[in-house]
Amino acid sequence: MPEKTTTPRDLSPVVDRLNTEFTGVHDAATVTRCVDAAYQGALDVTGRAGPELVERIARQHLQVLALAFSERR
């Protein structure tokens, strides 16, 4: 069974900001998954996952996804 990740409570403002920024581009579940992945990646690579770093990583993920989706059309 796949492991379910949960966004830490202190990252909920990051999720909210990115949901607002990417409204109409990505659904809320995609934004949450990107924040979760950014959080885990930051922990794995640097041993820390502060909100600013997580937000920058997640934003880049979401921008790349948006570009990939736009190229499919």
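Going by the structure above, here's the rest.
Residues numbered from 1 in each chain as written. Predicted model: local features only at pLDDT ≥ 70, side-chain atom pairs only at ≥ 80, totals over all residues. Heavy atoms only, no water.

Draft legend 1. Summary view of the packing of helix 1 (residues 12-21) against helix 3 (residues 51-72). Running from amino to carboxyl end, helix 1 crosses helix 3 at an angle of 30°, the nearest separation of the two axes being 10 Å. Between helix 1 and helix 3, the interaxial angle falls into the category roughly parallel. In this structure, the crossing between helix 1 and helix 3 has a hand that is right-handed. Of the residues in helix 3, those touching helix 1 at V14, R17, L18 and E21 are P51, E55, A58, R59 and L62. Considering only residue class, the contact of helix 1 with helix 3 consists of five nonpolar, no polar and four charged. (Axes fitted to C-alpha atoms, helices over the stretch in contact; angles between N-to-C directions. Helix = DSSP H or I, 4+ residues; strand = E, 2+ residues; numbered from the N terminus. Parallel < 35°, antiparallel > 145°, perpendicular 65-115°, else oblique. Left-handed = near helix turned anticlockwise from the far one by under 90°. Contact = heavy atoms within 4.5 Å. Nonpolar A, V, L, I, M, F, W, Y, C, P; charged D, E, K, R; others polar.)

Draft legend 2. The arrangement of helix 2 (residues 28-46) in detail. For helix 2, with 19 residues, the first-to-last C-alpha span of 27 Å sits near the 27 Å given by 1.5 Å per residue. Along helix 2, the residues classified as buried are T30, V31, C34, V35, D36, A38 and A42. Buried-residue contacts for helix 2 involve helix 1 and helix 3. Looking at the residues trailing helix 2, positive phi occurs at G47, about 85°. (Expected span 1.5 Å × (residues − 1). Buried < 20%, exposed > 50% of the residue type's maximum accessible area, 1.4 Å probe, protein only.)

Any functional reading would require information that these geometric values do not contain.
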